[in-house]
Number of protein chains: 2
Amino acid sequence: MDHNELVDKITNEVMSRLKNNLDLKNSTTGNVNSETPNLGITTQQMARYIDHTLLKPDATDKQFDQLCDEAKKYNFYSVCVNSSWVSYVAKKLRGSDVKVCSVIGFPLGESDSRSKAFETRNAIDNGANEIDMVISVSALKSGNLKYVEEDIRAVKRACRSTTVLKVILETSLLEENEKILACEISKKVGVDFVKTSTGFGGGGATVGDIELMRRVVGPEMGVKASGGIRDFKTAVAMIKAGATRIGAGAGVAIVTGGKSEGGY
Amino acid sequence: MDHNELVDKITNEVMSRLKNNLDLKNSTTGNVNSETPNLGITTQQMARYIDHTLLKPDATDKQFDQLCDEAKKYNFYSVCVNSSWVSYVAKKLRGSDVKVCSVIGFPLGESDSRSKAFETRNAIDNGANEIDMVISVSALKSGNLKYVEEDIRAVKRACRSTTVLKVILETSLLEENEKILACEISKKVGVDFVKTSTGFGGGGATVGDIELMRRVVGPEMGVKASGGIRDFKTAVAMIKAGATRIGAGAGVAIVTGGKSEGGY
């Protein structure tokens, strides 16, 4: 072949490999294949798994209105928002079955424990029924497991026995042994769920992580898959792997088979 | 040339173009040109502009030790950390001139106002001398300027008159009129600084934004440039445009002329 053909061929090859790299990097569900059966889950049943999520800092009141309207229309389990929007969505959802979920210490998990507990109490006072807190990854990475435990315990106390507590591990930042430790500590403290991801940490839920988390926490605790779940098939794969809740900004696309821009 | 040479040449060309693309995409200071004079600023003087910053959620205690050691060695103005690390670095820096700066409601700015105020008070109790809070971009985008003002005011009250307060606008998410509004509100509340960026919002300081912010807040208030500042020349350009403080994870590279990986 002549030089031009060669240039073309090599450039295509490089671009294709880079694209694969990027796809792989962005892919959070590489092991979901088209053969995954849907477990007989109907879209109505799927809706009850979904925390309908809007956490973007530049979202407007109109978008939160839409979030609540969609949650009521499709009968999603909850809407999941930042704590500054809890009282707003709680008012919108009053009289419906849709619960209010607030994230805490979000998304870095690096506000101090007392502040996480205060933010939790305040969110509950404003109408939150469920709390999704982020662990201190820095404490875990520093080997300060006592801090990790006390941090979760401070928020658990603020939840009392009345509010569901989910602990976000931010799995994309963790080694396998750290994921296991975080699950063990969460179970020891007696929280309700472990959850994979914030959606802001550069990675989302994987089937492998859900399987690992389910194995460590046992059959009784909740496991929430979140981050990068944008269609029905992927949501089913997460449930098959052990998830009992799905966090997604793409809830409508998941239950209608539509397209989603993705992201929170 | 033979095929191997050609492959090499083309691959280099593709990689170089991609790198340029990435550099452009990551560049936050496109309008800093090589003709920018250094204003006669010495590296010793530059160090006093710098908040030496480590905000990554997976940073370990060893990295915070290093951060504090570097801050003392190079005489940086402060170290800037998440609130979970304030008491740790405050202990490390005791007896030195280096101040402790804590971020609040970081990085989304979407914890509720009472929680931001609590986190602020707690950070001050733990040793913070300066507070960098993030505004509620969602309230600003929703046209709820009263919320934006009250949110800043709640944190200002927690700072009393003794603690320096900087207000992070997250300029990369804002239109020009929103940047102006945020500066005007910050000035009205009587905070000490407006600041460009969290470093987590997909964009950093630009000379244009610093000039705009300086113009709106007038000559008396502080303006902090942060996000993407990785060398002396860029830091000088920010100061020339009106910045009176530089937030950077690359402080050592800035004052030594070394290389920085960048990022917080």
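With that out of the way, let us pick up the side chain of B:Asp112. Looking at the secondary structure, you find B:Asp112 in the loop between strand 3 (99-104) and helix 5 (113-125). Of the side chains with opposite charge, B:Arg114 lies nearest to the buried B:Asp112, which makes no salt bridge, at 5.9 Å. Side-chain polar atoms of B:Asp112 contact the backbone nitrogen of B:Arg114, separated by 3.2 Å. Side-chain polar atoms of B:Asp112 contact the side chain of B:Ser115, separated by 2.7 Å. Among all residues touching B:Asp112, those that are not within four sequence positions of it are A:Ser83, A:Ser84, A:Glu119, A:Asn122, B:Tyr147 and B:Asp151.

Here we come to the relation of the copies chain B and chain A. For these two chain copies, the linking operation is a rotation about an axis paired with a shift along it. When chain B is fitted onto chain A, the two copies agree to an RMSD of 2.2 Å after a turn of 178 degrees and an axial shift of 0.1 Å. Taken together, the turn and the small shift mark the pair as related by a two-fold rotation axis. For chain B, the smallest separation between a C-alpha atom and the rotation axis is recorded for B:Ser115, amounting to 3.3 Å. Taken as a fraction of all interface residues of chain B, those also at the interface in chain A reach 100%, which identifies the copy contact as same-surface.

Residues and elements named next belong to chain B. Within strand 4 (residues 130-134), five of the five residues are buried, which leaves it mostly tucked inside the rest of the structure. Both faces of strand 4 are covered, namely the face carrying Glu130, Asp132 and Val134 and the face carrying Ile131 and Met133. The sheet contact formed by strand 3 and strand 4 spans four bridges and is parallel. The partner of Ile104 across the bridge, within strand 4, is Met133.

A few words on the nonpolar core. The biggest cluster of nonpolar side chains holds 66 residues, and the ones touching the most others in it are A:Met46, A:Ile131, A:Ile152, A:Met238, A:Ile246 and A:Ile254. Per-element accounting of this core gives the leading share, seven residues, to helix 10 (residues 232-241) of chain A. Filtering out sequence-adjacent residues up to four positions away, A:Ile152 remains in contact with A:Met133, A:Ile135, A:Leu165, A:Val167, A:Ile185, A:Ser186, A:Val189 and A:Val191. One finds B:Leu67, B:Val189, B:Ala225 and B:Ala241 within the second-largest nonpolar core, a separate group that totals 65 residues.

Counted under the stated rule, the structure contains 34 salt bridges over all chains. Between A:Lys195 and A:Asp132 there is a salt bridge; the shortest N-O distance is 2.8 Å. Placement of A:Lys195 in strand 6 (residues 193-195) and of A:Asp132 in strand 4 (residues 130-134) is noted, with a sequence separation of 63 residues between them. Where B:Glu149 meets B:Arg153, a salt bridge forms, and the shortest distance between an N and an O atom there is 2.5 Å. Here B:Glu149 and its partner B:Arg153 are both found in helix 7 (residues 145-159), four residues apart, which amounts to about one turn of the helix. Classification of B:Glu149 as buried rests on a relative accessible area of 13%. Counted as one network, the salt bridges with shared partners bring together A:Asp51, A:Glu130, A:Asp132, A:Lys166, A:Lys195, A:Lys224 and A:Arg245.

As a further point, take the pairing of strand 2 (residues 78-81) of chain A. For a regular strand, side chains alternate in direction, first toward one face of the sheet and then toward the other. Residues and elements named next belong to chain A. Residues Ser78 and Cys80 of strand 2 are buried on one face, and the alternating residues Val79 and Val81, pointing to the opposite face, are buried as well. Two elements, strand 1 (residues 50-54) and strand 2, share four bridges in a ladder whose sense is parallel. For Thr53, the partnering residue across the bridge sits in strand 2 and is Cys80. Note on the crossover from strand 1 through helix 3 (residues 61-74) to strand 2: the handedness is right-handed.

Residues and elements named next belong to chain A. Per-residue confidence for chain A gives a mean pLDDT of 91, with 88% of residues at or over 70. Confidence over residues 22-36 falls short of pLDDT 50; this stretch has 20 contacts with residues more than four positions distant or in other chains. Two numbers describe this predicted complex: its pTM, 0.86, and its ipTM, 0.85.

For the rest of this paragraph, the subject is unusual backbone geometry. In this structure, the amide linkage connecting A:Phe106 to the following residue, A:Pro107, adopts the cis form with an omega of 0 degrees. Of note, A:Pro107 is situated in the loop between strand 3 (99-104) and helix 5 (113-125). Unlike most non-glycine residues, A:Asn75 shows phi in positive territory, near 60 degrees. Summarising the element assignment, A:Asn75 is placed in the loop between helix 3 and strand 2. Judged by relative accessible area, A:Asn75 falls into the partly exposed class, the value being 34%. Despite not being glycine, B:Glu170 has its phi angle at roughly 55 degrees, a positive value. Locating B:Glu170 in the fold gives a position in the loop between strand 5 (164-168) and helix 8 (176-189). The class for B:Glu170 is buried, based on a relative accessible area of 4%.

Listed as interface residues are 37 residues of chain B and, on the opposing side, 37 residues of chain A. Between chain B and chain A, the buried area comes to about 3400 Å², and carbon and sulfur atoms account for 64% of it. Counting the surface chain B buries against chain A, the share from its top three residues, B:Pro57, B:Leu108 and B:Phe118, is 18%. Between the two partners, chain B and chain A, sit zero salt bridges. Broken down by secondary-structure element, the contributors of at least two residues to the side of chain B that touches chain A are helix 1 (3-26), helix 5 and helix 6 (137-141) of chain B. No other element matches the eight residues that helix 1 of chain B contributes to the side of chain B that touches chain A.

Moving on, we get to the packing of aromatic side chains. Applying the stated criterion to the full structure yields nine aromatic pairs over all chains. Relative to A:Tyr88, the ring of A:Trp85 has its centre 5.1 Å away and its plane inclined at 85 degrees; by these criteria the two rings are edge-to-face. What links up through ring pairs into an aromatic cluster is the set A:Phe64, A:Trp85 and A:Tyr88. Just above the ring of B:Phe193 sits the side chain of B:Lys166; from NZ or CZ to the centre is 5.7 Å. Across from the ring centre of B:Tyr77, 3.9 Å away, lies the NZ or CZ of B:Arg245, which sits over that ring.

The next point concerns the packing of helix 5 of chain B against helix 7 of chain B. All names here are of chain B. Where helix 5 meets helix 7, the closest approach of the two axes is 8 Å, and the angle between their N-to-C directions is 20 degrees. By the angle class used here, helix 5 and helix 7 are roughly parallel. Crossing of helix 5 against helix 7: the hand is right-handed. The residues of helix 7 that touch helix 5, namely those facing Ser113, Lys116, Ala117, Thr120, Arg121 and Ile124, are Tyr147, Asp151, Ala154, Val155, Ala158 and Cys159.

Conventions adopted
- Residues numbered from 1 in each chain as written.
- Chains lettered and ligands numbered in written order.
- Predicted model: local features only at pLDDT ≥ 70, side-chain atom pairs only at ≥ 80, totals over all residues.
- Heavy atoms only, no water.
- Helix = DSSP H or I, 4+ residues; strand = E, 2+ residues; numbered from the N terminus.
- Buried < 20%, exposed > 50% of the residue type's maximum accessible area, 1.4 Å probe, protein only.
- Lys, Arg positive; Asp, Glu negative; His and termini not counted.
- Salt bridge = Lys/Arg side-chain N within 4 Å of Asp/Glu carboxyl O.
- Polar contact = N/O pair within 3.5 Å; in protein donor to acceptor, adjacent residues only side chain to side chain.
- Contact = heavy atoms within 4.5 Å.
- Least-squares fit on C-alpha atoms with pLDDT ≥ 70 in both.
- Pairing = 2+ DSSP bridges.
- Core = buried A, V, L, I, M, F, W, Y, C linked by side-chain atoms within 4.5 Å.
- Right-handed = clockwise from strand over helix to strand, strands pointing away.
- pLDDT = per-residue confidence, 0-100.
- Buried area = accessible area lost by both parts, 1.4 Å probe.
- Phe/Tyr/Trp six-rings, centres within 6.5 Å; stacked < 30°, edge-to-face > 60°.
- Lys NZ or Arg CZ within 6 Å of the ring centre and 35° of its normal.
- Axes fitted to C-alpha atoms, helices over the stretch in contact; angles between N-to-C directions.
- Parallel < 35°, antiparallel > 145°, perpendicular 65-115°, else oblique.
- Left-handed = near helix turned anticlockwise from the far one by under 90°.

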